[in-house]
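Residue strings, one per chain:
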Amino acid sequence: MFADLIRRMTAPAPQPLSDPDARLALGALLVRIARTDGRYDPAEKAQIDQTMMSRYALTEAEAATLRADCEALESEAPDTVRFTRAIKEAVAYDQRLSVIEALWRVVLADGVRDEHEDSMMRMTASLLGITDQDSNAARLRVTPS
């Protein structure tokens with residue numbers, strides 16, 4: 001279903017993503033981080049929907065439909081290195097910081113910080129060109145008081 005998008009994203013010199021493709025790529029990355037600990041909790045799904053609604057002015061139904069597409073894309077997507085590279089090349093640094101914030105919100109949504117999620121966050125931040133310090137600052141900004 002998403003073979004063309006995956007092929008374009010993982011090309012040696014990927015082109016910038018169109019808005020619909022960028023939405024799918026971000027959503028799939030959010031799904032990937034949510035699934036990292038082996039559990040895909042309703043709280044994580046709700047956080048992904050909330051992120052999509054706020055970033056793209058979607059209704060709940062539109063966000064849920066987009067998340068379902070993102071879940072399918074994530075299942076078909078290649079390794080995180082190539083997948084994340086496409087996002088890095090398509091998105092400016094400040095927007096990538098907001099991606100890191102969104103990822104941290106998903107990690108923290110179920111109330112448990114798993115070592116696998118922490119490891120995936122370190123790798124993803126690095127692949128997105130985000131420093132450990134900026135990733136930590138993003139985590140602190142989104143951690144509930």
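Refer to the structure presented above.
As the structure is a computational prediction, the values presented were derived from the model and not from experiment.

Each value, and the rule that gives it
Residues numbered from 1 in each chain as written. Predicted model: local features only at pLDDT ≥ 70, side-chain atom pairs only at ≥ 80, totals over all residues. Heavy atoms only, no water. Helix = DSSP H or I, 4+ residues; strand = E, 2+ residues; numbered from the N terminus. Rg over C-alpha atoms; globule rule 2.2 N^0.38 Å. Buried < 20%, exposed > 50% of the residue type's maximum accessible area, 1.4 Å probe, protein only. Contact = heavy atoms within 4.5 Å. Areas by Shrake-Rupley, 256 points an atom, 1.4 Å probe, with all protein chains shown as cover. Lys, Arg positive; Asp, Glu negative; His and termini not counted. Charge placed at Lys NZ, Arg CZ, Asp CG, Glu CD. Phe/Tyr/Trp six-rings, centres within 6.5 Å; stacked < 30°, edge-to-face > 60°. Lys NZ or Arg CZ within 6 Å of the ring centre and 35° of its normal. Core = buried A, V, L, I, M, F, W, Y, C linked by side-chain atoms within 4.5 Å. Expected span 1.5 Å × (residues − 1).

*Asks:* What am I meant to see in the overall build of the chain here?
*Replies:* Scanning the chain for helices and strands turns up eight helices and zero strands. For the chain, the α and β elements follow one another from N to C terminus as α-α-α-α-α-α-α-α. Radius of gyration (C-alpha) of the chain: 14 Å, near the 15 Å computed for a compact globule of 145 residues. Viewed in the frame of its principal axes, the chain has a C-alpha envelope of about 40 × 35 × 30 Å. Looking at the chain as a whole, 48% of its 145 residues are labelled buried. In the chain, the proportion of contacts linking residues at least 24 apart, taken out of those at least 6 apart, comes to 76%. Here the chain has roughly 7100 Å² of accessible surface; of this, 52% comes from carbon and sulfur atoms. Each charge class in the chain was averaged separately, 18 positive and 24 negative side chains, and the resulting centres sit 4 Å apart.

*Asks:* Help me understand the packing of aromatic side chains, please; the structure alone is not making it clear to me.
*Replies:* For any pair of aromatic rings, the description consists of the separation of the ring centres together with the inter-plane angle of the planes. This model, assessed by the stated rule, comprises zero aromatic pairs. In this structure, R35 is placed above the aromatic ring of Y40, and the distance from its NZ or CZ to the ring centre is 5.0 Å. In this arrangement the basic side chain of R139 is found over the ring face of W104, its NZ or CZ atom lying 5.9 Å from the centre.

*Asks:* Please explain the nonpolar core as it appears in this structure.
*Replies:* Generally speaking, a soluble globular protein has its nonpolar side chains buried in company with each other. Counting residues in hydrophobic clusters, the biggest one holds 45 residues, and the most contacted among them are L30, M52, I100 and L103. Of all the secondary structure elements, the ones that give two or more residues to this core are α1 (3-9), α2 (19-35), α3 (42-56), α4 (60-76), α5 (80-90), α6 (93-109), α7 (115-127) and α8 (132-142). In this structure, I100 is in contact with M121, A125, L128, I130, S135 and A138, ignoring residues within four places of it in sequence.

*Asks:* How do you make sense of unusual backbone geometry when you look at a structure like this?
*Replies:* Across residues other than glycine, the phi torsion is negative in most instances, and most of the peptide bonds are trans. In this structure, A57 is a non-glycine residue whose phi angle is positive, near 55°. For A57, a relative accessible area of 69% gives the class exposed.

*Asks:* Help me understand α2, please; the structure alone is not making it clear to me.
*Replies:* Residues three or four positions apart in an α-helix share a direction because the helix packs 3.6 residues into each turn. For α2, with 17 residues, the first-to-last C-alpha span of 24 Å sits near the 24 Å given by 1.5 Å per residue. The set of residues buried in α2 consists of D21, L24, A25, L26, G27, A28, L29, L30, V31, R32, I33 and A34. Close packing links the buried residues of α2 with α1, α3, α4, α5, α6 and α7.

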